[in-house]
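Survey of secondary and tertiary structure
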Amino acid sequence: MNSFLQNDLTNIEALLQLTKEYGVDFLKNIDKRPTSSKENSVELINQLSTEGIGAEASLHEFIQRFESIIVSSTGPRYLGFVTGGSTPAAIVGDWLATVFDQNTQAVKGQGDISAKIEFETIQLLLDLFSLPKDFLGGFVTGATMSNFTCLAVARQWFGKQLGKDFAKEGISEKVTILSATPHSSSIKSLSMLGIGSNNLVKIKTIEGDREAIDITDLEQQIQELNGKPFILISSAGTVNTVDFDDFEAIAKLREKYKFWWHIDAAFGAFAACSSDFKHLVHGWENADSITVDGHKWLNVPYDNAFFFVKEQHKLLQIETFQNSNAPYLGNPLDNFNYLNFLPENSRRLRALPAWFTLKAYGKKGYQDIVDNSIHLTQQFGQFIQENNSLELLAPVRLNTVCFSLSGNENQEKITDFLARINDSGKVFMTPTVYNGKKGIRAAFVNWRTNETDLEIVKEIILEAISTRKK
Ligand SMILES: *Cc1c(COP(=O)(O)O)cnc(C)c1O
């Protein structure tokens, strides 16, 4: 064995101890770590040493060269995009997934059957969201891949309606896709799937400050299709204003018309955990497929999302992703193999962080996390509303505040204003454009964020306003 490898193997306990101490120090000081990096002077090396330096020296070099560009995106005041943190139990699960290094594919057989754990985790998630158990599901790297997976099965369904097997023959017919306010990743998925992003047919949104589907327009467009099949991409939580489509109305349309119904619920799914907001997803159990992110409101580390697809479509799903010649067709636990069920073949035990955090905190824990995020969002929205220098660009619906400097004359100052807020290193928010206006988005999904954090955020904003005026 190579001497550095041998040495690291001998010292694995000390090495992991050192890593643990470094990691714990990072987490303990997460409040003080900057939310943005000003360090643009990191020099990259393009040559690999012949001999190596061993793991401990590598850790020291890493700290010395790269620590400055690691921001506290897992901390409580990183409100940009929709950025979740990692619960303690999720970290435990993620560390162990690395230690175990399973290749999670099969639930039966003599080798690695860790997919049983993934199978159980999907059941726990269905329970968390009060969804029926007639969905099958699996883990992928993010909601983009989850949308891709669901829309790939939808594409196969569409072909079958025309008597074609797109998976085997390729796409020979234009695929009809309807949507009102799809996330950019669904559009990207249409490109990746060969459906073509230009083939998306836009449905009107409800008049007023809404991003949700206008059901009347949807029905009109359906009627114009004259009975031809189509795929509907709907939203449980749009990114700018967290609007929800009316799932009960869509479910009614499904009784009359033939279409594949997909819901992108990347973070909006978690409304189901709150007694005051679960009405937003009523009716979603009738969808054919649902996308949910793990690394947002579930608060597990990055590279984590999952999909739910109705079990009645498992044949379509296997036709889409079949890799081996032994597809399972019977009981889900007979010969189930994820490599015939989703894009990847070899894959880590990605469900483990989710399994741990669900076990550790249960339904109540997630209700608390979700209610806390919503409560802080409402408070922040109120702060924006009450300040004359600021205005809400959209109503606060769930966990996101979309705002701007008030007055059209201030539109060109937004970029600089946001840059100064983010330069503080104490809070991070992202720019957006809504209804033709430049603005700022703050999304609350991190389990750590509390009222003290909100006070700090408000202070930074007030400071940015007053220095702007000077
Ligand atoms: C974040 C998000 C996505 C994409 O998720 P990734 O995890 O970044 O791949 C898709 N849809 C919605 C609604 C999202 O918020």
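Please refer to the structure higher up on the page.
Heads up: these notes are all about the structure in this document. Here the structure is a predicted model, which means the values were calculated and not measured.

Considering all chains together, one arrives at one cavity of 30 Å³ or more under this definition. Estimates place the volume of the largest cavity at around 30 Å³. Every residue lining the largest cavity is listed: Ile 30, Asp 31, Arg 33, Thr 35, Ser 72, Gly 75, Pro 76, Arg 77, Tyr 78 and Gly 425.

Neighbouring the ligand are 14 residues; Thr 144, Asp 264, Asp 293, His 295 and Lys 296 lie closest to it. Contact between the ligand and Thr 144: an oxygen atom at 2.6 Å from a side-chain N or O atom of the residue. Measuring from a nitrogen atom of the ligand, one finds a side-chain N or O atom of Asp 264 at 2.6 Å. Protein burial of the ligand: of its 390 Å² of free accessible surface, 84% is covered by the chains. Per-element tally for the shell around the ligand: the top contributor is helix 6 (residues 143-161), with three residues. A breakdown of the residues in the shell around the ligand according to their chemical character gives four nonpolar, seven polar and three charged.

We now examine the sheet that holds strand 3 (residues 200-202). Whether parallel or antiparallel, the strands of a sheet pair through hydrogen bonds between backbone atoms. Read from one edge to the other, the open sheet built from seven strands follows the order 1-7-6-5-4-2-3, with strand pairing classed as mixed. With one partner strand each, in any of the chains shown, strand 1 (135-140) and strand 3 form the two edges of the open sheet. Neighbour-to-neighbour, the strand axes of this sheet turn through a mean angle of 20 degrees, independent of strand direction. Relative to strand 7 (residues 305-310), strand 1 runs antiparallel, the two sharing six bridges. The residue bridging Phe 139 from the neighbouring strand is Phe 306, located in strand 7. Helix 5 (residues 115-128) rests against strand 1 and strand 7 of the sheet, and its axis sits at about 115 degrees to strand 1.

Further remarks concern a nonpolar patch on the surface. A cluster of nonpolar residues, Met 1, Leu 5 and Leu 9, forms a patch on the protein surface that exposes about 350 Å² of accessible area. Mapping Leu 5 onto the fold places it in helix 1 (residues 3-10). By relative accessible area, which is 53% here, Leu 5 ends up exposed.

Let us now look at the packing of aromatic side chains. Under the defined criterion, the tally for this structure stands at 23 aromatic pairs. Seen from their ring centres, Phe 336 and Tyr 338 are 4.6 Å apart, and the 80 degrees between their planes marks the pair as edge-to-face. Taken as a pair, Phe 336 and Tyr 338 share a single burial class, namely buried. A ring pair is formed by Phe 380 and Phe 383, whose centres lie 6.0 Å apart and whose planes are at 20 degrees; its orientation type is stacked. With Phe 380 and Phe 383 both in helix 12 (residues 352-386) and three residues apart, the pair spans about one turn of that helix. For the pair Phe 380 and Phe 383, one class covers both residues: buried. Feature note: the residues Phe 129, Phe 135, Phe 139, Phe 270, Trp 284, Trp 297, Phe 306 and Phe 308 constitute an aromatic cluster, connected by ring pairs. Stacked on the ring of Phe 259, the Lys or Arg Arg 254 has its end atom at 6.0 Å from the ring centre.

The rules behind the values
Starting afresh in each chain, residues are numbered from 1 along the sequence in its written order. Only residues with pLDDT of 70 or above have their local features reported here, since the model is predicted, and side-chain atom pairs are shown and tallied only from 80 upward, although totals for entire chains, interfaces and linings are computed over all residues. Only hydrogens and water are set aside; all other atoms, that is, all heavy atoms of the structure, feed into the side-chain values. Two kinds of site are reported from a 1 Å grid over the protein atoms alone, namely cavities, where a 1.4 Å probe fits but cannot get out, and pockets, open sets with protein on both sides within 12 Å along at least five of seven lines, and residues are called lining when an atom falls within 4 Å of a point. Grid points are joined across faces, edges and corners, and a volume is the space filled by probe spheres set on the points. Here, proximity means that at least one heavy atom of the residue falls within 4 Å of the molecule or strand. Polar contact is the term for a pair of N or O atoms within 3.5 Å; when the atoms are in protein, one must be able to donate a hydrogen and the other to accept it, and sequence-neighboring residues count only if both atoms are side-chain atoms. Per-residue and other accessible areas were derived by the Shrake-Rupley procedure at a 1.4 Å probe size, with only the shown protein chains allowed to occlude residues. Here a helix means four or more residues in a row that DSSP labels H or I, a strand means two or more in a row labelled E, and each is numbered from the N terminus. Note on residue categories: nonpolar means Ala, Val, Leu, Ile, Met, Phe, Trp, Tyr, Cys or Pro, charged means Asp, Glu, Lys or Arg, and polar means any other residue, Gly included. Any two strands with at least two DSSP bridges between them are considered paired. Where helices are involved, their axes are fitted lines through C-alpha atoms of the stretch in contact, as for all axes, and angles between N-to-C directions lie from 0 to 180°. Contacts are assigned to residue pairs that have any heavy atoms within 4.5 Å of one another. Here, patches come from residues exposed beyond 30% relative accessible area and free of salt bridges, joined within 9 Å for like charges and within 5 Å for nonpolar side chains (Val, Leu, Ile, Met, Phe, Trp, Tyr). Just to be clear on terms, a salt bridge is a Lys or Arg side-chain nitrogen sitting within 4 Å of an Asp or Glu carboxyl oxygen. Working definition: with a 1.4 Å probe on protein chains only, accessible area under 20% of the residue-type maximum means buried, over 50% means exposed, and in between means partly exposed. Only the six-membered ring of Trp is used, alongside the rings of Phe and Tyr, when aromatic pairs are assigned; centres must lie within 6.5 Å, and planes under 30 degrees apart are stacked while those over 60 apart are edge-to-face, with the rest tilted. We call a charge positioned above a ring when the Lys NZ or Arg CZ atom is no farther than 6 Å from the ring centre and deviates by at most 35 degrees from the ring normal.

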